[in-house]
Amino acid sequence: MFKRPNFSENPKLAGLRNKLVKELKAKGISSPAVLDAIAHVPRHLFFPSDFENFAYRDAAFPIGNGQTISQPYTVAFQSQLLQIFPGEKVLEIGTGSGYQAAVLSTMGAEVHSIELIKALVISANRVLKILDIPMKTYVGDGTLGLPSQKPFDAIIVTAGAPSVPETLIKQLKINGRLVIPVGDEQNIQKMYRITRTSLTETKTEVFGDFKFVPLLGENGWTMNS
Ligand code: SAM
């Protein structure tokens, strides 16, 4: 049984959240574990309080520091591609608001999440603590992975990369999956799923178009571009 976040429910927001789950199903999200997690994580708590009515629209939203909380469809799509089982160890690169990490944790993953911007980690930790969501956050350049915690069953990158960092593939277990948007810095990225099939081989699958903020850092876009 997955551990559900603990919070007092507002019936109006609960109704909007259920409607969002139906919308995601209609758009092709079929994983029961993903839909169940989205039905149970209160996305509005990851929003500035004046804007909680926007939380259950299928849209990205600004969270400060020039960053965004990803669109629910994108969160669901990436979570589904990861194909995680309860107990698996997952690295998220780009904590942002903490919402994606909360969804993965509610699906039963052991989540480690790294973010470049310290202020975002502080506010994400505040919400994750209120919800009693067990996960670890780190401040740093996620394009280097998280060597202290490797190997991972899955790695999810929630910012757009110029290419697939080899460093991340090396931190996967055999049969581990890396889900990462790759493409132009300001334009459209394709979603990649790279499975590490052996110590030296990978299988690459490419999915539809997405639009993310840039992945900055040593194996990403340069910080001042
Ligand atoms: N997953 C987030 C959520 O659920 O709210 C949304 C992430 S937002 C679209 C992308 C995040 O990636 C930003 O917060 C940005 O600061 C972060 N980021 C960009 N480059 C990074 C890097 N090299 N390491 C860690 N985080 C990075």
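In short, a report on the structure.

What counts and how
Residues numbered from 1 in each chain as written. Predicted model: local features only at pLDDT ≥ 70, side-chain atom pairs only at ≥ 80, totals over all residues. Heavy atoms only, no water. Buried < 20%, exposed > 50% of the residue type's maximum accessible area, 1.4 Å probe, protein only. Helix = DSSP H or I, 4+ residues; strand = E, 2+ residues; numbered from the N terminus. Pairing = 2+ DSSP bridges. Axes fitted to C-alpha atoms, helices over the stretch in contact; angles between N-to-C directions. Contact = heavy atoms within 4.5 Å. Polar contact = N/O pair within 3.5 Å; in protein donor to acceptor, adjacent residues only side chain to side chain. Near = heavy atom within 4 Å. Areas by Shrake-Rupley, 256 points an atom, 1.4 Å probe, with all protein chains shown as cover. Phe/Tyr/Trp six-rings, centres within 6.5 Å; stacked < 30°, edge-to-face > 60°. Lys NZ or Arg CZ within 6 Å of the ring centre and 35° of its normal.

**What to know about helix 3 (residues 72-82)**
Counted residue by residue, helix 3 has 10 buried out of 11 residues, so it is predominantly covered. Just past helix 3, the residue Gln-83 takes up positive phi, approximately 50 degrees.

**Things to note about the sheet that holds strand 3 (residues 89-93)**
If you trace the 7 strands from one edge of the open sheet to the other, you get 5-4-3-6-7-8-9, paired in mixed fashion. Each having just a single partner strand, strand 5 (135-139) and strand 9 (202-210) make up the two edges of the open sheet. Strand after strand, the sheet turns through a mean of 15 degrees between neighbouring axes, direction not considered. With 5 bridges connecting them, strand 3 and strand 4 (residues 110-115) associate as parallel partners. Each bridged residue has a counterpart across the sheet, and for Val-90 the counterpart in strand 4 is Val-111.

**Focus on the environment of Tyr-56**
One can find Tyr-56 in the loop between helix 2 (32-40) and strand 1 (61-64). Tyr-56 sits 120 residues away from Gly-176 along the chain, and the two C-alpha atoms are 31 Å apart. The residues touching Tyr-56, leaving out its near neighbours within four places in the chain, are Leu-13, Leu-16, Arg-17, Leu-20, Val-41, Pro-42, Arg-43 and His-44. One polar contact links Tyr-56 to Arg-17, side chain to side chain, over a distance of 3.0 Å.

**Comments concerning the site of the ligand**
The ligand sits among 28 residues. The nearest are Glu-92, Ser-97, Glu-115, Gly-142 and Leu-216. The contact in question runs from a nitrogen atom of the ligand to an N or O atom on the backbone of Leu-116, over 3.3 Å. Notes on the ligand: free accessible area 610 Å², of which the protein chains cover 99%. Looking at the shell around the ligand, the elements with two or more residues in it are strand 2 (67-69), strand 3, helix 4 (99-106) and strand 4. Take the shell around the ligand: its biggest share by element is 3 residues, from strand 2.

**Notes on the packing of aromatic side chains**
Taken as a whole and assessed by the stated rule, the structure comprises 10 aromatic pairs. With a centroid separation of 5.6 Å and an interplanar angle of 70 degrees, the aromatic rings of Phe-46 and Tyr-99 are classed as edge-to-face. Here Tyr-99 lies in helix 4 and Phe-46 lies in the loop between helix 2 and strand 1, a separation of 53 residues in the sequence. By relative accessible area, which is 1% here, Tyr-99 ends up buried. Ring plane angle 75 degrees and centroid distance 6.1 Å describe the contact between Phe-77 and Phe-207, whose orientation is recorded as edge-to-face. Of this pair, Phe-77 sits in helix 3 while Phe-207 is found in strand 9, placing the two residues 130 residues apart along the sequence. Exposure remark for Phe-207: the relative accessible area of 24% places this residue in the partly exposed category. Its end group placed over the ring of Tyr-99, Arg-43 keeps NZ or CZ at 5.6 Å from the ring centre. Taking the ring centre of Phe-152 as reference, the NZ or CZ of Lys-89 above it sits at 5.8 Å.

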